[in-house]
Each structure stands twice: as structure tokens, then as C-alpha cells.
Amino acid sequence: MPSDVFLRKYSLIASLSFLFGLVSCMTGLLFAMVSRLSRSSDPEVILVVCSLLGAGILLILAGINIAGIHRNLFRNYSFIAALVLSAAGLAIFAFSFPGNWFYPRVSYVIVSYSVGIFLLLINIFVNYFLYTSAVPVERTMVPEEKFTGKGASEFTSTPEQYDCSVLATFAGILVTNITSGSYEPYFADNTNDEHDAFVVMENDPAQSRLQSGTMTDHGKIKDQNDTIDEGMEENMENSKDKNIDERANEKEAINDGYTEPTALETTQFPEVVDVEVTEIATHTEENITEEYGLSPEMQENEDLTASNTAIPVPFSEFRTMKKTDIIGDDTMRAAARKILMFHFGAMIEHERGTKVGKDIEELHDMRVAAMRMRSAVEVLEGYLDMDEMSPYLRNIKSVRKVLGSVRDLDVFLEKIDHYLADQPPERRAQMDPLTDSILIEKAKNRGTMLVYLDDSKYNKFKKNFADYLLHKKSWKMRSVKKNGEPVPCKVRDVLPVLLYTQFAAVRAYVDIVSEEAVADPSLEKYHQLRIDVKILRYTLEFFREVLGPESKELIKSLKALQDNLGDMHDTVVALELLKKFEERGSWSEAGDEGRNISGAQQTYPGVDAYIEYRKQELENLLGAFPDVWSNVIDPDFSVSFSKAISGIYTS
């Protein structure tokens, strides 16, 4: 097939491939925006978007490759291999996602598609540089009908040089960005209709004009077809000689050894004049002192001060708080404001670490801060303006929920690792289906969490809540009703009653969970006790700065009881989830996703053994409960509790 024929054929194929690739990518992006694509989106939506984008990228790169090929397409084996690998990766993904999207099939898709795309980029790189090296830096082309004879082929443009120019330019920009180079396209300039000729350049236009014209003695360009009036030329020469003499005299006053450069050197390079450094330094000092009234030493000090100016840190008013600084004379609303400011700062402080994900304790600390804020609002609800606080409370609950969805799975995986530490290697292999499923669910929840933390709604909540906390007038509390009746609102007057009420709610469980109970209580009662213990513990921690030193041991005893009840609750929830996993074969809460289509029950020996392990753990926790419970209902605890409260009046 003649060269120009198959190049035109490939040019059409390249253009169509490039066009369809752009359409596919744009459709995928639009569909992703309309459907608000996220990690929690429906699998069908994710499949469509990924397929459209993957196919679009493949078609675009294939079109650029075809445009740069200068031989038979089917002899370019690297290009054919790249197409096959990338297409195979897309096909495996389309038929596997989401039902069979597990290892090692995931790695097959990623490796196959990535290698194919890499080969296409390499082809573009090679074809681009081969193309540019084949084009001379400068050449003059004359139409064939006006130039014939020997050497005509050297000046006649060929299809290889100018077909698919748009795709070639796009390929050049693409390769340049990858290699961090500079791309300068070839362009036509300095057309001349009379001679029907033009010059193709890639250098500076001024230098090209120097090459295309006739150089005079003084570095001026003189066109071969133009004539210059002799009188005008003589005047110009005289004027120029005069100017040169004047400049020479000025330069002699500065440096007698200076030699005037030629006209061509003056045109291309700036004049360099040697000046004594001491003169410049003296002149600079005088200017600074006269114009600004500052000595160089003072100026240097000001520069150092400006350079050491600290960059403002977002939410620094909250992040720098080391304690709440609550005092007994504060109103309960003012105390609530200080508590919220302290824990809001802790939440912001751990947000970056939570996003990075290197240390799971960052997520834990951020979640605890959100939980403390929610508890503070719920405990002190009667002293707050809930009309203004309710929108912020909803956002705080949302933060705690999205963080908890990831943290709960972290805790579950830690429990499994602790269990497997004492098990034989074959047990770990039997637990792989469970751990793999949990890791997939954790990745989904973490993606949802990152989307939430980067969303404008969350950032708007942070800004508005920070402004609300800093606006002290919104936290003022009336101490007198409209009819003149006084209202108890200060910490030293209200906190003792609040603490005794919460402690009484905890002690009310004595008849339900004590060893003397005739029947074992239901686990739901333990869960309710855990909530009341948590409220009492958090309130003591909120106001620890105004309580007596006995509060430290009180908090320690309550924490031990809360940990026991919390582990008990987590074990009950874990047993329910493990049973559902054996039924579905998947940890996802989607329901039937992952269930065996044939309806046959799958067996998981490792999971069965782990269920028995967690049941034994629950029995151990129930057995340890009386000891930690007795520390809280002991009379000595009540005495210490009263002493801690009395510290409010002595602090």
C-alpha cells in the first residue's frame, strides 16, 4: 500500500478513536457528577463510571499512537500488545465487579490495564521524539507546481509531516508534561505572497529573521528586494555615529579601559559597566537613611521581624487549649461553652491524622472528642439554648457516626489479631475469608469517612460552630427570671445536684445486677447501666478542675466498670455479626450480597472456632463484673464522691 494512502487511512482511524475516547471520558465524568459518585454508591454506578473512563483513556491513547505510526499498523507489536492487555483488564473488571471483585482477580485487572496503558505511553514517547528528530530545524518549501527538477523532494511537504497535526501536537504536550520538558510546536511565519514561499521555524522569530534576510555591517537586516534612499541612509549613519561617540565619551569617564562593542554585539547583549562596590553600598545607605529615616541595622531588624511572623493556624483558639479553666463562679452555660471549645479543639487536632490513617489512635481520639461534645450537650441540655445548639448537635452526631463506622471495624480486627496470636498458622488461613471481608468493608467505610471530612458541609459546620463558640454573648445565662425570681445557674450551686442525681441513677441498678439477684439479668440491662455510668464519668471529667482531688480515683473506678460493660456489649454485637457472616458469606450490611446463589450453606471452620472463643470471653466478662461493680457501690466510693463535690466550695 503506498505511504500516503495508508497514512490517510490511519489518520481517519486515529481521529475517530481520539474522538470516541473524549466522548467516553466526558460521559463518564458527567455521569459521576450527576450520580454523586462515592465509595458508598451502588455497584452498578461505580461499574459504569469506571468502564467509561477506562475505555475513554484507552481510546485516546490508542488514537494518538495510531497518528504517530509510520509503518504498517499490525507490525507494531508493542502497540497491539498494549491494546490487548488494557482491553483484557477492562473486560475482566466488567465481568467481575462487584460479585467476584476479590484477590487475586483485582490484581490481574490492575496489572493488566496498567501495563497496557504504560506501553501506550511509551509508544507515544518514542513516536513523538522520532517525529520531531525527523523534522529539520528550518526549511523552505515551495509548491510542487512552481519547483521541479533535481532536489525537488527536499522542499516538498509530505503527508508524514502534516497529517494528524492536532493529534501530534496533543501527543507532544502529553509527553512534555510527563518528562517535564518544554514543548515548542512548529509553526509557519513570514509568508510572502509574491514568491509563494514560507519558512517553518522552531527558534526565536528574531533570530529567524536574521537568518532569512541580509546582514549589514551594523547588524541591521536588509531585504534583498528593498532599496533605501541614499540621503536617508547617510543621515541615519551620521546620527548613529554621533550617538556612538557620545556613549563612548560617557563610558571613558567611568572606565578608561572600556572598549565600545560592535553594533551586532550591542544588539544581542546588554552593556556591562563596572562600578565600584563601595560607591553602591554608600549610595544605598544614604538613600535608606534619607528617604525612610532608617539605618541599615534597623532595616535588617525589621526584615527579621517580618520573616519570623507566625503563620496563623486554623482554629488555633481551640487547638491550643490545655484545659477548660472552669471556675465555680461560671454559669453552667459558660462552663458548657468551655467544655465544647476544649473538645472541639481536640477533634480538629486529630483530624489530619485521621485522614492520613497511619495511626489508628488518631481516629480513636477524634471520635472520643466528638462523643464528649455530644455527651456534654446532652448532659447540660437544660442549661443551653437548644434552638441554636440543635443544628450543631446533629452535625456532631454525624461526625461521631461516620468515625465510628471505621473505628468499630478497627477494634474488631484488633480482637481477631489478639485471638490469632496464640493459634496455629492453619487457623489464620481459615480466618482469611472473615478478615478479607472486614477489610473490604473497612475500606468502603473509610472512603465514606474521607468524603464526609472533605465535604463542604462538614467544613461549613466547623466554621459556623467555631464562630458560635467564640461569640460570648450567645452564651450568657439569666440568673433572674422576668418576674424577679432568682434562678440557680452557677457551677458551685448546680453541679452538686447534677452529680448526685447521676450517681443515684447508677446505684438504682443494685437490685437488678447484684449477686443476690434471684435470676440473671438480661444483657440489655447491662447496656443501660453502661450508658448511665458513662454519663456520670464524663460529667466528673468535664468538671474535674473544680472538684476535689478524690475525683481522680472516682473516675478510675468508673472507667474500669465502663470498660467491662463496654467489652460485654461489643462481644454481644460481635456474636450477632459473626452469625450473619456465616449466613451471607459477607460482612457487608447490604443483605444478600455475597450469598451463595445455589442456597447452600457455606462452612467456615475458623469462624466457628472464633465464635466459641467470643462466647467464652462473654462469660469471663460476666464473671469479672461483680468485682468492678462492687468498687462503685461500696460505701467508701460514696464518701469519696461527697468529698470530691465538697471541693467545689474550697477551690
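Residues numbered from 1 in each chain as written. Predicted model: local features only at pLDDT ≥ 70, side-chain atom pairs only at ≥ 80, totals over all residues. Heavy atoms only, no water.

Our focus in this paragraph is the overall build of the chain. In terms of regular secondary structure, the chain is built from 25 helices and five strands. Put simply, the chain has 651 residues, and 33% of those count as buried. Sequence-distant contacts in the chain: of pairs separated by 6 or more residues, those separated by 24 or more amount to 72%. (Helix = DSSP H or I, 4+ residues; strand = E, 2+ residues; numbered from the N terminus. Buried < 20%, exposed > 50% of the residue type's maximum accessible area, 1.4 Å probe, protein only. Contact = heavy atoms within 4.5 Å.)

What the rule picks out here adds up to 16 salt bridges. Ionic pairing is found between Glu349 and Arg319, a salt bridge with its closest N-O pair at 2.9 Å. In this pair, Glu349 sits in helix α13 (residues 332-349) while Arg319 sits in helix α12 (residues 316-319), placing the two residues 30 residues apart along the sequence. Exposure remark for Glu349: the relative accessible area of 40% places this residue in the partly exposed category. Three or more residues joined by partner-sharing salt bridges are found here, namely Glu351, Lys355, Asp454 and Lys462. (Salt bridge = Lys/Arg side-chain N within 4 Å of Asp/Glu carboxyl O.)

Attention shifts here to the packing of helix α16 (residues 386-420) against helix α24 (residues 605-633). The geometry of a pair of packed helices is captured by two quantities: the angle between their axes and the separation between those axes. Relative to each other, α16 and α24 sit at 100°, their axes nearing to 12 Å. Viewed along their axes, α16 and α24 adopt a mutual orientation that is roughly perpendicular. Of α24, the residues touching α16 (which contributes Phe412, Lys415, Ile416, His418 and Tyr419) are Ala609, Tyr610, Tyr613, Arg614 and Glu617. Partitioned by chemical class, the residues of the contact of α16 with α24 number six nonpolar, one polar and three charged. (Axes fitted to C-alpha atoms, helices over the stretch in contact; angles between N-to-C directions. Parallel < 35°, antiparallel > 145°, perpendicular 65-115°, else oblique. Nonpolar A, V, L, I, M, F, W, Y, C, P; charged D, E, K, R; others polar.)

So, on to the side chain of Arg374. Inspection of the secondary structure puts Arg374 in helix α15 (residues 360-379). Setting aside residues up to four positions removed in sequence, Arg374 forms contacts with Leu393, Ile396, Lys397, Arg400 and Lys534.

So, on to a nonpolar patch on the surface. A cluster of nonpolar side chains, Leu12, Leu16, Phe20 and Leu59, forms an exposed patch at the surface whose accessible area comes to about 370 Å². The element that contributes the greatest number of residues to the nonpolar patch is helix α1 (residues 3-34), accounting for three residues. You can see Leu16 is positioned in helix α1. (Patch = residues over 30% accessible without salt bridge, like charges linked within 9 Å, V, L, I, M, F, W, Y side chains within 5 Å. Areas by Shrake-Rupley, 256 points an atom, 1.4 Å probe, with all protein chains shown as cover.)

Here we take up the confidence of the model for the chain. Averaged over every residue, the pLDDT of the chain is 75; residues scoring 70 or more account for 65%. The low-confidence segment residues 180-233 (pLDDT under 50) makes 70 contacts with residues lying over four places distant or belonging to another chain. This stretch, residues 590-594, has a pLDDT under 50; its non-local contacts, to residues over four places away or in other chains, come to nine contacts. (pLDDT = per-residue confidence, 0-100.)

Taken together, the side chains of Asp359, Glu361, Glu414 and Asp417 define an acidic patch exposed on the protein surface. As for its position among the elements, Glu361 is in helix α15. According to the relative accessible area criterion, Glu361 is partly exposed, its value standing at 33%. (Lys, Arg positive; Asp, Glu negative; His and termini not counted. Charge placed at Lys NZ, Arg CZ, Asp CG, Glu CD.)

Another aspect to go through is the packing of α15 against helix α22 (residues 523-542). Relative orientation of the contacting elements α15 and α22 amounts to 95°, with a least axis distance of 10 Å. If you check the angle between α15 and α22, you find them roughly perpendicular. Residues Met371, Arg372, Arg374, Ser375, Ala376 and Val379 of α15 lie in contact with α22, whose contacting residues are Lys534, Ile535, Arg537, Tyr538, Thr539, Glu541 and Phe542. Looking at the contact of α15 with α22, its residues break down into six nonpolar, two polar and five charged.

Moving on to the nonpolar core. In terms of nonpolar packing, the biggest core is built from 95 residues, with Met347, Leu434, Phe465, Phe543 and Phe625 touching the most fellow members. Here this core gets 15 residues from one element, more than from any other, and that element is α16. Beyond its immediate stretch of four places on either side in the chain, Leu434 contacts Ile416, Leu578, Phe581, Trp587, Val607 and Tyr610. (Core = buried A, V, L, I, M, F, W, Y, C linked by side-chain atoms within 4.5 Å.)

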